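Below are the chains, spelled out letter by letter.
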Amino acid sequence: EPEVTQTPSHQVTQMGQEVILRCVPISNHLYFYWYRQILGQKVEFLVSFYNNEISEKSEIFDDQFSVERPDGSNFTLKIRSTKLEDSAMYFCASSADRAPSPLHFGNGTRLTVT
Amino acid sequence: KNEVEQSPQNLTAQEGEFITINCSYSVGISALHWLQQHPGGGIVSLFMLSSGKKKHGRLIATINIQEKHSSLHITASHPRDSAVYICAVFFSGNTPLVFGKGTRLSVIA
């Protein structure tokens, strides 16, 4: 069964550094999402992306964050100048159709900012 | 305000027991996901439903739109069912998915 893959599985970075989290969605999916889960808390929506542009974003997704689909297969989340509070698990998801539609999640990237 | 509440927060069961996890939400929805989060953190979608009932193996999900309530049932529970089960909702109006806090299930052999 096709999967959403995320790399790396764990990233440690120093405060102030830039990180790029990578995702390869399922190949025929058109809608892409990033979510965040701070340790011990619920999963939160960050951003949705369709047709090479952001379709919706949450209050969390400020100017520090950006998303890109650079080559038609990868979907990336960039965090500029990371802060301690950016430490979390970041999940990528994709779906074939617009919401509401079944979502397929990656295994997540655990980001630790020191 | 769009809210999703799950109960119980934690659940411990003996192997073989029938398990029910509940989800209630505040306003009308277009669909509801039941998700399973493994101890390693990965998330797997179990069901998406907007009415009635769905079954897959030992898992059954039901939803009552009028009562704004959904349940996830696990029959003949097994230690490998131990995970966090999350209810997540698409509220009406094409809003992003809103997640509950999850129910941590431990099934003991």
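As shown above, the structure is provided for reference.
Given the structure is predicted, the values throughout are model-derived calculations rather than measurements.

Student: Explain the interface of chain B and chain A here, please?
Tutor: Interface size is commonly expressed as the accessible area that is lost once the parts come together. The partner chain A presents 18 residues to the 19 residues of chain B that form the contact. Around 1500 Å² of area is buried between chain B and chain A when both sides are counted, 64% of it from carbon and sulfur atoms. Considering only the side of chain B, the residues that lose the most area to chain A are Ile43, Asn94 and Phe99 of chain B, jointly responsible for 35% of the buried surface there. Where chain B meets chain A, there are zero salt bridges. Linking chain B to chain A there are two residue pairs in polar contact (both at pLDDT 80 or more).

Student: Help me understand the sheet that holds strand E7 (residues 65–68) of chain A, please; the structure alone is not making it clear to me.
Tutor: Backbone-to-backbone hydrogen bonds pair the strands of a sheet. The strands run either parallel or antiparallel. Residues and elements named next belong to chain A. The strand order across the open sheet built from four strands is E1-E3-E8-E7, with neighbouring strands paired in antiparallel fashion. What marks the edges here is a single partner per strand, and that holds for strand E1 (5–7) and E7. Taking the axes of each pair of neighbouring strands and ignoring which way they run, one obtains an average angle of 20 degrees across the sheet. Of the strand pairs in this sheet, E1 and strand E3 (residues 19–24) are connected by three bridges, and their pairing is antiparallel. Directly across from Gln6, in E3, lies its bridge partner Cys23.

Student: Help me understand the sheet that holds strand E8 (residues 69–74) of chain B, please; the structure alone is not making it clear to me.
Tutor: Residues and elements named next belong to chain B. One open sheet holds the five strands; their spatial order is E1-E3-E8-E7-E6, and the pairing between them is antiparallel. Only two strands of the sheet have a single neighbouring strand rather than two, namely strand E1 (4–7) and strand E6 (52–56). Neighbouring strand axes in the sheet, compared pairwise and without regard to direction, differ in orientation by 15 degrees on average. In this sheet, strand E3 (residues 19–25) lies alongside E1 in antiparallel orientation, the contact comprising four bridges. Along E3, the bridge assignment pairs Glu5 with Ser24.

Student: Looking at this model, I keep getting lost on unusual backbone geometry. Mind explaining?
Tutor: For residues that are not glycine, phi is negative in most cases, and the peptide bond is trans in most cases. Geometrically, the link from Ala99 of chain A to Pro100 of chain A is a cis peptide bond, its omega value of -5 degrees lying close to zero. Relative to the elements of secondary structure, Pro100 of chain A occurs in the loop between strand E9 (88–95) and strand E10 (104–105). Following Ser7 of chain B, the chain continues to Pro8 of chain B via a peptide bond in cis, the omega torsion being -10 degrees. One can find Pro8 of chain B in the loop between E1 and strand E2 (10–14). Positive phi outside glycine occurs at Asn51 of chain A, with the angle close to 55 degrees. Along the polypeptide, Asn51 of chain A turns up in the loop between strand E5 (44–50) and strand E6 (53–57). Here the phi dihedral of Ala76 of chain B falls at roughly 45 degrees; this positive angle occurs in a residue that is not glycine.

Reading the values: the criteria
Residues numbered from 1 in each chain as written. Chains lettered and ligands numbered in written order. Predicted model: local features only at pLDDT ≥ 70, side-chain atom pairs only at ≥ 80, totals over all residues. Heavy atoms only, no water. Contact = heavy atoms within 4.5 Å. Buried area = accessible area lost by both parts, 1.4 Å probe. Salt bridge = Lys/Arg side-chain N within 4 Å of Asp/Glu carboxyl O. Polar contact = N/O pair within 3.5 Å; in protein donor to acceptor, adjacent residues only side chain to side chain. Pairing = 2+ DSSP bridges. Helix = DSSP H or I, 4+ residues; strand = E, 2+ residues; numbered from the N terminus. Axes fitted to C-alpha atoms, helices over the stretch in contact; angles between N-to-C directions.

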